[in-house]
Amino acid sequence: MFRKIGFWLLWIAFSTYAFVFAPPNSPETIALITNLSTGKIAGINPLIVALFYIMGVWPSIYSCVLFADGRGQKIPAWLFAVLSFGLGAFALLPYLALREPNPEFYGPKNVFLKVLDSRLTGILLTLGAVALVAFGLTKGDWSDFIHQWQTSRFIHVTSLDFCMLSLLFPALLADDMARRGMQNSTAFWAVTLVPLFGPLAYLCARKPLPETNNETVTN
């Protein structure tokens, strides 16, 4: 119960800060999002480009554990996973507040789960993240990024959303490790303490989910 209350309070606090206390919306925000979404990145600070696309990598990372976690939950995990591609932690916090501990996996894996469970998926996500981070760090303008972080709600909240997604991943990690027979406190903290690349390394190295003939409710 305290865990659930904690996630709800965190969701309320994060939402309140994002929409009340964060810097105001910039007039260029809609055009910026449109250009980033359509791949028109010419003239945009590479740090912002990298951040925007990494925020698409994060929901993919979560999906690789969320859909397996949803097997047996009373709530539809797929709904929160889909919404997270547009809302990030704002969509995932309610799921974390509503879900029950789920350290076991029952039933066969369908094709979609097999793709999400594959180490190849983790490797591809890692390569994409490495390319984005390298692009942002080597080509980006930090002074411009800091200015936009201070003046643009979109950049400000997106940056905080990245941090929030990094902090929340351990809430699903322990059960995912248990489902795979990988309980190891050292590995848990190694994944937890390295933002983005810790979870990606875990997806590349984790054991596959065991399959059984017994099925429970699938979400």
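Presented here is an overview of the structure given in this document.

## Looking at helix α2 (residues 29-37)
A turn of α-helix holds 3.6 residues, and therefore any two residues three or four places apart point the same way. T29, L32 and L36 are the residues of α2 that are buried. Looking down the long axis of α2, one finds its buried residues gathered within 65 degrees of arc, a one-sided arrangement. Away from the buried face of α2 by more than 90 degrees, exposed residues I30 and S37 are located. In the core, the buried residues of α2 are packed alongside α3 (46-69) and α9 (153-168). Remark: G39 follows α2 within two positions and exhibits a positive phi of approximately 80 degrees.

## Let's talk about the nonpolar core
One finds W58, I61, Y62, Y95, L168 and L196 to be the most contacted residues of the largest nonpolar core, which totals 60 residues. When residues of this core are assigned to their parent elements, the largest contribution, 16 residues, is made by α3. In contact with Y62, not counting residues within four places along its chain, are L92, L165, L168, F169 and L172.

## What about the packing of α9 against helix α10 (residues 170-179)?
To describe two helices that pack against each other, one gives the angle between their axes and the distance between the axes. Contact geometry of α9 with α10 gives a least axis separation of 6 Å together with a crossing angle of 30 degrees. As far as their axial angle goes, α10 and α9 are roughly parallel. Facing α9, whose interface residues are S166, L167 and L168, α10 presents P170, A171 and L172. Its residues assigned to classes, the contact of α9 with α10 shows five nonpolar, one polar and no charged.

## Here we look at the state of the cysteines
Applying the stated rule across the entire model yields zero disulfides. Distance from the sulfur of C204, which forms no disulfide, to the nearest cysteine sulfur (C64) is 9.7 Å. The class of C204 is partly exposed, set by a relative accessible area of 23%.

Here is what the cut-offs are and how they apply
- Residues numbered from 1 in each chain as written.
- Predicted model: local features only at pLDDT ≥ 70, side-chain atom pairs only at ≥ 80, totals over all residues.
- Heavy atoms only, no water.
- Buried < 20%, exposed > 50% of the residue type's maximum accessible area, 1.4 Å probe, protein only.
- Helix = DSSP H or I, 4+ residues; strand = E, 2+ residues; numbered from the N terminus.
- Arc of directions from axis to C-beta.
- Contact = heavy atoms within 4.5 Å.
- Core = buried A, V, L, I, M, F, W, Y, C linked by side-chain atoms within 4.5 Å.
- Axes fitted to C-alpha atoms, helices over the stretch in contact; angles between N-to-C directions.
- Parallel < 35°, antiparallel > 145°, perpendicular 65-115°, else oblique.
- Nonpolar A, V, L, I, M, F, W, Y, C, P; charged D, E, K, R; others polar.
- Disulfide = S-S within 2.5 Å.

Any functional reading would require information that these geometric values do not contain.
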